[in-house]
Amino acid sequence: MSTMTSTSCSPKISVQGITKVFPLGNGQFTALDNVSLDVADNEFVTIVGPSGCGKSTMMNVLAGLETVSSGQALVDGVAVNGPGPERGVIFQQYALFPWLTVRENVEFGLKTAKVPKAERRKISDHFINLVGLGQFADALPKMLSGGMRQRCAIARAYAVNPSILLMDEPFGALDALTRVKLQEQLRETWSAEKRTVVFITHDVDEAVYLANRVIVMAARPGRIHEIIDVDLPDQRTEETRLSPEFTALRNRVWNAVYHQEAADDSALAPSATTA
Ligand code: ADP
Ligand code: MG
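Now for a quick tour of the structure. Remember, predicted model here, so these are calculated numbers, not experimental data. (Residues numbered from 1 in each chain as written. Chains lettered and ligands numbered in written order. Predicted model: local features only at pLDDT ≥ 70, side-chain atom pairs only at ≥ 80, totals over all residues. Heavy atoms only, no water.)

### Quick notes on the packing of helix 5 (residues 146–159) against helix 6 (residues 176–193)
Then step 1. At a minimum axis separation of 10 Å, helix 5 and helix 6 run at an interaxial angle of 15°. As the angle between them shows, helix 5 and helix 6 are arranged roughly parallel. The two elements helix 5 and helix 6 meet at a crossing, and its hand is right-handed. Across from G147, Q150, R151, I154 and Y158 in helix 5, the residues of helix 6 making contact are T178, L182, Q185, L186, T189, W190 and E193. (Axes fitted to C-alpha atoms, helices over the stretch in contact; angles between N-to-C directions. Helix = DSSP H or I, 4+ residues; strand = E, 2+ residues; numbered from the N terminus. Parallel < 35°, antiparallel > 145°, perpendicular 65-115°, else oblique. Left-handed = near helix turned anticlockwise from the far one by under 90°. Contact = heavy atoms within 4.5 Å.)

As structure tokens, then:
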């Protein structure tokens, strides 16, 4: 609920007036135009919007992989200026080490952090079981389906205990049925473990099913168009998708995404350095 972020407790993530301008030909392109957003601790927000509206740029800024032209992003009140262990990132492409088993992948970050073997095993067991890969702990990624690989990536991200999970269209490459199952599993994992999640998608159903709040962005220039609270029960199931409340929210988000004003060419500006 939006009231979560307007209370006195400071936000987990605070995006403050971020503008990102990329050079483009002889001019420049405004990928993000003065975007501000607070995300509360343990909140699950989804960001949805048309292709090119700056979703990935926003994610990369939060991950510390992209600089800003102006404004700043704060995590726990501290300005982001690079990647950090408190932020786990999951992309669309399965970033698993192909030569390591599921368990070795999940334990990789723990090993790097010099967590003792017995403790590593306990943590990997927990998260491998949580994502339903208990039977596949010793399998190599090539033996897994796409959905299973993303489950492994989620287990690996959780294992190092980040307080924030940043996910950029992690289910984008999966078939519709697998996708729905992973949404259910991710929401269940979040219910059990919490964490602050920023999840990017261009799938409206996915955005509503997963989130406490849906951030709808618009393109050219990339900006926040509307923020929609998702007042669905915390525990979500297959039935949630069939409820009239879900349908109403989905229609609202759909309208916000697909009935945006026509592209504004003011996003494209001649560069100050060219005549
Ligand atoms: P989304 O993820 O919402 O599809 P992106 O954040 O990837 O959008 O991109 C937003 C806009 O910024 C797009 O028009 C894209 O072409 C442009 N853009 C992204 N990265 C760069 C870059 N490195 N250089 C120039 N333009 C970029
Ligand atoms: Mg993107």
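### A short note on the nonpolar core
Then step 1. Counting residues in hydrophobic clusters, the biggest one holds 49 residues, and the most contacted among them are I154, L186, F199, V208, V214, V216 and V253.
Then step 2. Of the residues forming this core, the biggest block, eight residues, is contributed by helix 5.
Then step 3. Within the second largest apolar cluster, 24 residues are counted, among which are I47, A73, L166 and V198. (Core = buried A, V, L, I, M, F, W, Y, C linked by side-chain atoms within 4.5 Å. Buried < 20%, exposed > 50% of the residue type's maximum accessible area, 1.4 Å probe, protein only.)

### Let's talk about the site of ligand 1
Then step 1. The local shell around ligand 1 consists of F22, F29, A31, P50, S51, G52, C53, G54, K55, S56 and T57.
Then step 2. Here an oxygen atom of ligand 1 and a backbone polar atom of K55 are 2.9 Å apart.
Then step 3. Surface burial for ligand 1 is 62%, taken as the share of its 560 Å² of free accessible area covered by protein chains.
Then step 4. Put simply, the parts of the chain that give the shell around ligand 1 at least two residues each are strand 2 (27–39) and helix 2 (55–63).
Then step 5. The element contributing the most residues to the shell around ligand 1 is helix 2, with three residues.
Then step 6. Per-class residue counts for the shell around ligand 1 are five nonpolar, five polar and one charged. (Near = heavy atom within 4 Å. Polar contact = N/O pair within 3.5 Å; in protein donor to acceptor, adjacent residues only side chain to side chain. Areas by Shrake-Rupley, 256 points an atom, 1.4 Å probe, with all protein chains shown as cover. Nonpolar A, V, L, I, M, F, W, Y, C, P; charged D, E, K, R; others polar.)

### Remarks on the pairing of strand 2
Then step 1. Summarising the sheet, strand 1 (residues 13–24) and strand 2 pair through nine bridges and their orientation is antiparallel. By the bridge assignment, K20 is partnered in strand 2 with L32.
Then step 2. The turn joining strand 1 and strand 2, which pair antiparallel and follow one another in sequence, is formed by two residues; a positive phi near 55° is taken by G25. (Pairing = 2+ DSSP bridges.)

### What about the sheet that holds strand 6 (residues 87–90)?
Then step 1. Sheet architecture is open: six strands sit in the order 6-7-8-3-9-10, paired in mixed fashion. Bordering the open sheet on either side are strand 6 and strand 10 (223–229), each of which pairs with just one other strand. Each neighbouring strand pair of the sheet contributes to a mean axis angle of 20°, computed without reference to strand direction.
Then step 2. The pairing of strand 6 with strand 7 (residues 164–168) spans four bridges and is classified as parallel. Looking at strand 7, one finds that V89 is bridged to L166.

### A word on the side chain of R179
Then step 1. For R179, the location among the structural elements is in helix 6.
Then step 2. Judged by relative accessible area, which is 13%, R179 ranks as buried.
Then step 3. One polar contact links the side chain of R179 to the main-chain carbonyl oxygen of F171, over a distance of 3.5 Å.
Then step 4. Once you skip the residues sitting within four places of it in the chain, R179 turns out to touch F171, G172, L174, T201, D203 and E206.

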